[in-house]
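An overview of the molecular structure
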Amino acid sequence: MKVISKLFFQLLIPISSVSVLNAAEEDTLPKAPKIAFEENKNQWPEQVKFQAKIPGGDLFLEQNTFTYLYGEGIDWHGKHRDAINPVTVKYHSFKVKFQNSNPEVQISGNDRYSWHRNYYLGNDPKKWADNVPVYAQVNYKNLYQNIDMKVYNVEQNLKYDFIVYSGGNAKNINLNYDGPDKMYLENGHLFIKTSICDLIEQKPYAYQETGGLKIEIPCAYNLSDNGRDVSFIVGKYNKSIPL
């Protein structure tokens, strides 16, 4: 059965959450959220800033890119892993590149958990990582001019928000998807097909807060003719306060 993912997109611009149906649950530490962001302390390639286990796969947060890696669900019960009878596992990776974003964006973890993780792989201490901090949220400050992004966990779902401050322009946000098999829009939602799973980025939601109230701002995806670049069509809003 194909794994189905849903990404819920909000534009504060609050944007995306990921959930996977029919995916095996992974063991987590007591009271740990389903998704937590672990800082790279030499356990991942240099370009990775943070990594998170997401339902059905992994998310690698890089300087101006998200890399998603989804793996085929394998029931290992009763299987003997050896070199004589190898088991082939299929993976699919794709990237989301923040086009024309700030190459010097500041990336930091926020809301650090009291626990940490350790990696002791092989016999070379240079490749070990201990006391690796784990966070509830990752912030991208000034990803675009006067636009921040935060990535976090809500009810075991991945979510990322764009916050457009005064002087910022939501039209500058452009996401290039490199690697999906196919992408299309339907009923305002963005469908992403891969060889492993089908993803749905639900239609974006944008709002402003004024007088203690949330005022919804019309917002929609715009998918380029090449079917790979996603931007946003945003209605009129008060540009003197955050969107």
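In what follows, the structure referred to is the one given above.
Our subject in this report is the structure included herewith. As a convention, each chain's residues are numbered from 1 in the sequence order in which they are written. The predicted origin of the model limits local features to residues at a pLDDT of at least 70 and limits the giving and counting of side-chain atom pairs to 80 or more, whereas totals for whole chains, interfaces and linings rest on all residues. To obtain the side-chain values, all non-hydrogen atoms of the structure were used and water was disregarded.

Section: the overall build of the protein chain
Where we set the bar: Per the convention used, a helix needs a DSSP run of H or I reaching at least four residues, while a strand needs a run of E reaching at least two, with both numbered from the N terminus. Think of it in three bands: with a 1.4 Å probe and only protein chains considered, a residue is buried below 20% of the maximum accessible area for its type, exposed above 50%, and partly exposed in between. To be clear on the numbers: accessible area is Shrake-Rupley with a 1.4 Å probe, and residue cover counts the displayed protein chains and nothing else.
The helix and strand inventory of the protein chain stands at 0 helices and 19 strands. Within the span of the protein chain, comprising 243 residues, buried residues form 44% of the whole. Total accessible area on the protein chain is roughly 13400 Å²; 47% of this is exposed by carbon and sulfur atoms.

Here's the deal with the environment of Ala-170
Checked against the element boundaries, Ala-170 lands in the loop between strand S11 (157-164) and strand S12 (175-178). Along the primary structure Ala-170 and Leu-243 are separated by 73 residues, whereas in three dimensions their C-alpha atoms are 8.6 Å apart.

Observations concerning the nonpolar core
To keep things clear, this is the line we draw: For this analysis, a nonpolar core means a set of buried residues of the types Ala, Val, Leu, Ile, Met, Phe, Trp, Tyr and Cys, connected via side-chain atoms within 4.5 Å. Two residues form a contact once any of their heavy atoms are found within 4.5 Å.
By size, the foremost hydrophobic cluster in this structure holds 46 residues, and its most contacted members are Phe-66, Tyr-68, Leu-175 and Tyr-177. When residues of this core are assigned to their parent elements, the largest contribution, 5 residues, is made by strand S9 (residues 129-144). Excluding residues that lie within four positions of it along the chain, Phe-66 makes contacts with Leu-59, Phe-60, Leu-61, Phe-94, Lys-95, Val-96, Phe-98, Tyr-140, Met-149, Val-151 and Tyr-160.

Looking at the packing of aromatic side chains
For any pair of aromatic rings, the description consists of the separation of the ring centres together with the inter-plane angle of the planes. Operational definition: For Phe, Tyr and Trp, rings pair up if their centres lie within 6.5 Å, where Trp contributes its six-membered ring, and each pair is then called stacked (planes under 30 degrees apart), edge-to-face (over 60) or tilted (otherwise). Comment: the charge-over-ring label is applied if NZ (Lys) or CZ (Arg) is within 6 Å of the ring centre and within 35 degrees of the ring normal.
Within the structure shown, the criterion is met by 15 aromatic pairs. Where Phe-66 meets Phe-98, the ring centres are 5.1 Å apart and the plane angle is 85°; that geometry is what we call edge-to-face. Pair noted here: Phe-66 is in strand S6 (residues 65-71) and Phe-98 is in strand S7 (residues 91-98), with a separation of 32 residues, a long-range link. Of the two residues, Phe-66 and Phe-98, neither departs from the other in class, the shared state being buried. Between Tyr-68 and Phe-94 the ring centres are 5.1 Å apart and the planes differ by 25°, which places this aromatic pair in the stacked class. Of this pair, Tyr-68 sits in strand S6 while Phe-94 is found in strand S7, placing the two residues 26 residues apart along the sequence. An identical accessibility class is assigned to Tyr-68 and Phe-94; each is buried. Through a chain of ring-to-ring contacts, the aromatic side chains of Phe-66, Tyr-68, Tyr-70, Phe-94, Phe-98, Tyr-140, Tyr-160, Phe-162 and Tyr-177 assemble into a single cluster. Directly above the aromatic system of Tyr-152 lies the positively charged group of Lys-150, at a separation of 5.2 Å from the ring centroid. Geometry around Tyr-237 places Lys-239 over its ring, the cationic atom sitting 5.9 Å from the centre.

Regarding the pattern of salt bridges
Applied cut-off: Criterion for a salt bridge: a side-chain nitrogen of Lys or Arg within 4 Å of a carboxyl oxygen of Asp or Glu.
Applying the stated rule across the entire model yields 5 salt bridges. Note that Asp-58 is salt-bridged to Lys-53, the shortest N-O span being 3.1 Å. Here Lys-53 falls in the partly exposed class, since its relative accessible area comes to 37%. In this structure, Glu-62 engages Lys-95 in a salt bridge whose closest nitrogen and oxygen atoms are separated by 3.6 Å. Taken together, the residues span a long stretch of sequence, with Glu-62 in strand S5 (residues 57-62) and Lys-95 in strand S7 at a distance of 33 residues.

Some remarks on the pairing of strand S18 (residues 219-223)
For clarity, the threshold we go by: If DSSP finds at least two bridges between two strands, the strands pair.
Burial along S18 is one-sided: the face carrying Cys-219, Tyr-221 and Leu-223 is buried and the face carrying Ala-220 and Asn-222 is not. The pairing of S18 with strand S19 (residues 229-234) spans 5 bridges and is classified as antiparallel. Counterpart to Asn-222 in the pairing with S19 is Ser-231. The hairpin formed by S18 and S19 contains 5 residues between the paired strands, and Gly-227 there has a positive phi angle of roughly 70°.

As for the pairing of strand S13 (residues 182-186)
Judged from the 5 bridges that link them, S13 and strand S14 (residues 189-193) form a sheet pairing that is antiparallel. Bridge assignment links Lys-182 to a residue of S14, and that residue is Lys-193. Hairpin connection between S13 and S14: a loop of 2 residues separates the two successive antiparallel strands, and Asn-187 in this loop has a positive phi of roughly 55°.

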